[in-house]
Each structure stands twice: as structure tokens, then as C-alpha cells.
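Coordinates in review
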Amino acid sequence: MSSLPMPSHFLLRNNHSLNCASKFQKFYSRVSSFSFRMIKGQCKVWIFQSLYALVAIGSVLIFFLAMACAYLYVFPYTSTLVYKHGMSNSSDSISECNVFEGSWIQEDSYPLYNASQCPFAERGFNCISNGRRDRGYMKWRWKPKNCDLLWFSAREALEGLRGKRVVFVGDSLSRTQWESFICMLMTGLEDKTSVREINGNKITKQIRFLSVEFGTFNLRVDFYRSVFLVQPASSPKHAPKRVKSTIKLDKLDFISKEWIDADVLVFNSGHWWTPTKLFATGCYFQVDGALKLGMPITSAFKIALETWASWVDTTINSNRTRVYFRTFESSHWRNHKPCTVTKRPSSLTGGRDRSSISDAILGVAKKMKVPVRVLHVTPMGAFRSDGHVGTWSDNPSVPDCSHWCLPGVPDTWNEILFSYILSENQVPFNEH
């Protein structure tokens, strides 16, 4: 069946529609292309704007991070770890806690006193008055890991020591601790004129006995210079010419009779047990009257400690007297190189946290009948290369990396000592 021909008007309309559709399609294509280009351009702009924003935010964050790092470097966070040592069980009690395991933290409220205002602070240890400009070394506090030291209160310490006698025995480092102990206590007094050296002596390294009295509290704080603890002696007859003097290792220092009636006894020894202090000066050892020319210093020191321990066990009344022995204090000489005092504590110990002298003290104390509290300060001091006298002494031509500035590290020894003496867990002093 043949198809019918379309009307002419329909063909015309149909062609017109096709033309319109074609034109609309072209128009739509152009509009779509333009719209796509606009959208694409807007996307590019949005993407670049977002990237710029991210870069800007990242730059700000990096800037603040850098500032925070710089701040922590210049002003360390108070829990900045400088030193950690040993193992101990967690405890809130100082009597059960190893207070010598811990860290140095910055403490802006320090120092505890002004050495220039303490007449018993030796000029040679007052580094600020001798020209030291940096003061950061005075701003470090010892924080035990598993307990807290009592915050020092001079008034409480004075009341706790009322009517007592505290005796320090040892070398110049003991004298430094003695001076620090007195200066700390004096901050609790309104009338400082009540404190006097009983013989009117000035504080010098030559005097063998010094005694400071706190009249208001009937308290005496004494220092006896006994660098070896055992008895120094002259050269025996028929000794070799190189022998100029000796140390009787089996005889305690003859002034030991003056230590007996103390309520608190604090000993130290170690810095004179060196070849330069002994053999180089012609000083050798004696035991039972016999000269021991070949005896090593470490062996001699242990014999001297055993002599001291025997004296404590047979002479000291532990119901009255508390006995402490401070270990070797770290020095920071660098293999015969000049003494260099840093502005901040060292990050490494360089092996100074261990000492054969300290090991001997710890070993002997463990075997004693009378309880002896060992103040094991060797590890904590190993990081404090910033605390030494250096050239800021009364003799700046001789650098010093053994002794400590006051105020400074010795105050920490005394904070620990005061914490032990005044701790609630300590057995109270017996009346006498």
C-alpha cells in the first residue's frame, strides 16, 4: 500500500521546526560551552583560593610552632627532664622513696636566699658578687620521681631543730654545705643579730673548727675540717725520703671526740683521695704502724671508711644521734682542659654519675649496725656543670670546677637533709 503524500503546509512547518530545533541546539551548545567554561574557571579560582588559604593557615601554624619551640629552648618547661637515675617503688613517703631518682626542673622562685645578705656565706663561693652575670644556675630545683621533697620553710626548720646541735664533718665541700645550711635557716629570722660564730671567727678555709649559734633557738651548727676522717700523721722514722707525711687509716681523726654529742652528724670525704693530693705531695698510708707505700687509693679509702664505721657503731648513740654520709660530689674538669662552666645543666653525665668513692660509701654503710642515711648526691650533681665556681671566686686566676656557687647545688643537698630531719615519718628526737 502506497503512502499518502504529506500536505505542503505540513512540510513547510516541519522544515521550520527543524530549522528552529537546529538553531536552538546550536544556541544550547554555545550556552553550555560558555557555562562550562565559566564553571571551570570558577572551580579553578575556588581551588586556588582554597590552596592559598591552606598555605596561609599552615604558615601560621608553623610560625607558632617555631615560636613555641624557641620559647621552650629559652624558658624550659618546668618538667624538663635533665636527669633520671635508678629504680624505686612509687610512694608518697620520703622515708620509703628514693629521693635521688628524679629530675632537675626550673623553679622561678629560687634561689632560697641571697648570699650577699648572709654573713656566713664565704666570699669565694658567692659567684654573683664575684662577677657572674648569668643567674639561671640558681633556678633549678630537684624533683624526685615518686615522691616530693618538703618545700623548705626556714621557720619550721628552726623550730624542728630548737635546742639541737648539728655537726658537719669533712672537706671544703662539707664547709660549703654548712654555709648553705646556715644561710637557709637565717631566712626565717627577723633579728639576724642573734646569730653569731661563737669564737668571733671569720669564715675561711684555714680554720679547722667553726660554730654558729642561733641564740633564740638554742641551736648550734658546727663544722669540723677533717678531709680524710682518719688521722693525719708525720713521716715515720727511717721512711724513704719521698714520704713527707702519712695517714693512719686505722685511727680516726683525734678531734672525733668532739662529734659524739651531736643530734645530727653529716659526714663527707673524697676530694682529697687523689694522687695529686696524696702521692704528689709525699703523703702515704699507714696501717697498724706499718707504712704501705704500694697501697692503691681505693683500698686505702675503704679501710678508712671501715675505721669510721667501727667508730660510729661503737660510739654513737643511735637513740639520740642521726648519722648521714654524703657521697662524692661530681666535678666537671675535662681531661686536664680548662674548667668550662656552662649556662645550663649538661644533657649528658660523661660518666660522672658513678664514682668508686661513692660506691665504697654505699657498700660500707649497708653493713653498719647504727643506721646511716647515705645522701647519694653523685648522680644528681653529674648534670650540673652550670653550678660550679669557675672563675667567679675570690681567686679568679685559678678556675674551679669542683666547688659550687652559693646559692646553688649545695642548697639541694640541704633540702633533702631537712626533708629527712623534719619528715613526719622520721623517728622524733629523744629528749636529753
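Attention here is on the structure that accompanies the text. This structure is a prediction, so every number in the text was calculated from the model and none was measured.

Spatial strand order, S4-S5-S6-S3-S9-S12-S13: seven strands in an open sheet with mixed pairing. The open sheet terminates on both sides in strands that have one partner only, identified here as strand S4 (195-197) and strand S13 (372-375). For this sheet, the mean inter-axis angle between neighbouring strands, taken without regard to orientation, is 15°. As defined by bridge partners, strand S3 (residues 165-170) adjoins strand S6 (residues 219-225) across six bridges and the pair is classed as parallel. If you follow Val166 over to S6, its bridge partner there is Val221. In the packing of helix H7 (residues 409-422) onto the sheet, contacts are made with S3, strand S9 (264-268), strand S12 (322-326) and S13, and the angle to S12 comes to roughly 160°.

With that settled, the discussion passes to the state of the cysteines. As enumerated under the stated definition, the model contains four disulfides in all. Two residues share a disulfide in this structure: Cys97 and Cys147, whose sulfurs sit 2.3 Å from each other. With the S-S bond torsion at -75°, the cross-link from Cys97 to Cys147 turns out left-handed. Of this pair, Cys97 sits in the loop between helix H1 (8-74) and strand S1 (102-106) while Cys147 sits in the loop between strand S2 (140-144) and helix H2 (154-160), placing them 50 residues apart in sequence. For Cys147, a relative accessible area of 3% corresponds to the buried category. Counting its disulfide-bonded cysteines in sequence order, the protein chain shows a connectivity of 1-4, 2-5, 3-8, 6-7.

Spatially, the four strands line up as an open sheet ordered S7-S8-S10-S11, and their pairing is mixed. Edge positions in the open sheet fall to strand S7 (230-234) and strand S11 (290-292), since each of these has one partner strand only. The average undirected angle you get between the axes of adjacent strands in this sheet is 40°. Pairing of strand S10 (residues 283-287) with S11, which is carried by three bridges, proceeds in the antiparallel orientation. In the sheet register, Gln286 faces S11, and the bridge partner there is Leu291. Along the sheet, helix H4 (residues 297-315) contacts S7, strand S8 (245-252) and S10; its crossing angle with S8, the most-contacted strand, is approximately 40°.

Here the focus is the pairing of S1. Burial within S1 is extensive, with five of its five residues counted as buried. Note that S1 and S2 share five bridges and pair antiparallel. The residue of S2 that forms the bridge with Trp104 is Trp142.

Once that is clear, we can look at the pattern of salt bridges. In the structure shown here, the tally under the stated rule is 15 salt bridges. Note that Arg354 and Asp359 form a salt bridge whose closest N and O atoms lie 3.1 Å from each other. Of the residues examined, Asp359 reaches a relative accessible area of 34% and is grouped as partly exposed. Among the ionic contacts, a cluster of salt bridges with common partners joins Arg165, Arg220, Asp222 and Asp261.

We now examine H4. Taking 1.5 Å as the rise per residue, H4 with 19 residues should run 27 Å; its terminal C-alpha atoms sit 27 Å apart, in good agreement. Within the sequence span of H4, burial applies to Ile297, Ala300, Phe301, Ala304, Leu305, Thr307, Trp308, Ala309, Trp311 and Val312.

The interhelical angle for the contact between helix H3 (residues 172-186) and H7, taken along N-to-C directions, is 65°, at an axis separation of 9 Å. Comparing their axes, H7 and H3 come out roughly perpendicular. Relative to H7, H3 is oriented so that their crossing is right-handed. Between H3 and H7, the contacting residues are Leu173, Thr176, Gln177, Ser180, Phe181, Met184 and Leu185 on the first element and Pro410, Asp411, Trp413, Asn414, Glu415, Leu417 and Phe418 on the second. Looking at the contact of H3 with H7 residue by residue, the class counts come to eight nonpolar, four polar and two charged.

Successive residues of a regular strand alternate their side chains across the two faces of the sheet. Most of S6 is tucked away, with five of its seven residues classed as buried. Across six bridges, the pairing between strand S5 (residues 209-214) and S6 is antiparallel. Looking across to S6, one finds that Ser211 is bridged to Asp222.

If you look at the biggest cluster of nonpolar residues, it comprises 59 residues, and the most contacted ones within it are Leu185, Phe214 and Val221. Those elements that provide at least two residues to this core are S2, H2, S3, H3, S5, S6, S9 and H7. The dominant element in this core, judged by the number of residues it contributes, is H3, at eight residues. Ala262, Phe267, Met368 and Val370 belong to the second-largest nonpolar core, a separate cluster that totals 42 residues.

Here we come to unusual backbone geometry. Cis geometry is found at the peptide bond from Tyr110 to Pro111, where omega equals 5°. Mapped onto the elements, Pro111 comes out in the loop between S1 and S2. Cis geometry is found at the peptide bond from Leu406 to Pro407, where omega equals -5°. Positionally, Pro407 belongs in the loop between strand S15 (400-404) and H7. Positive phi, close to 70°, is recorded for Leu229, a residue that is not glycine.

It is worth spelling out the environment of His403 at this point. For His403, the location among the structural elements is in strand S15. Residues His403 and Phe125, spaced 278 residues apart in sequence, show a C-alpha to C-alpha distance of 7.7 Å. In this structure, His403 is in contact with Phe125, Ser172, Leu173, Thr176, His388 and Val389, ignoring residues within four places of it in sequence.

The rules behind the values
Within any chain, residue numbers begin from 1 and follow the written order of that chain's sequence. Two thresholds apply to this predicted model, a pLDDT of at least 70 for residue-level local features and 80 or more for giving and counting side-chain atom pairs, whereas whole-chain, interface and lining totals are computed over all residues. For side-chain calculations, the full set of non-hydrogen atoms in the structure is used, while hydrogens and water are omitted. For two strands to count as paired, DSSP must find a minimum of two bridges between them. Secondary structure elements are defined from DSSP: runs of H or I of at least 4 residues count as helices, runs of E of at least 2 residues count as strands, and each element is numbered from the N terminus. Here an angle of 0 to 180 degrees is reported between the N-to-C directions of two axes, which are lines fitted to C-alpha atoms, with helices fitted over the stretch in contact. We call two residues in contact whenever any of their non-hydrogen atoms come within 4.5 Å of each other. Any two cysteine sulfur atoms lying within 2.5 Å of each other are counted as a disulfide. Exposure categories follow from relative accessible area, calculated using a 1.4 Å probe and restricted to protein chains: below 20% of the type maximum is buried, above 50% is exposed, and the middle band is partly exposed. Salt bridge criterion: a side-chain nitrogen from Lys or Arg within 4 Å of a carboxyl oxygen from Asp or Glu. Each helix should span, by expectation, one fewer than its residue count multiplied by 1.5 Å. Any angle that falls under 35 degrees is termed roughly parallel, while one over 145 is termed roughly antiparallel, one within 65 to 115 roughly perpendicular, and all others oblique. Two helices crossing with the near one rotated counterclockwise from the far one by less than a right angle form a left-handed crossing, whereas a clockwise rotation gives a right-handed crossing. Under the scheme applied, nonpolar residues are Ala, Val, Leu, Ile, Met, Phe, Trp, Tyr, Cys and Pro; charged residues are Asp, Glu, Lys and Arg; polar residues are all the others, including Gly. Buried Ala, Val, Leu, Ile, Met, Phe, Trp, Tyr and Cys residues form a nonpolar core when they are joined through side-chain atoms within 4.5 Å.

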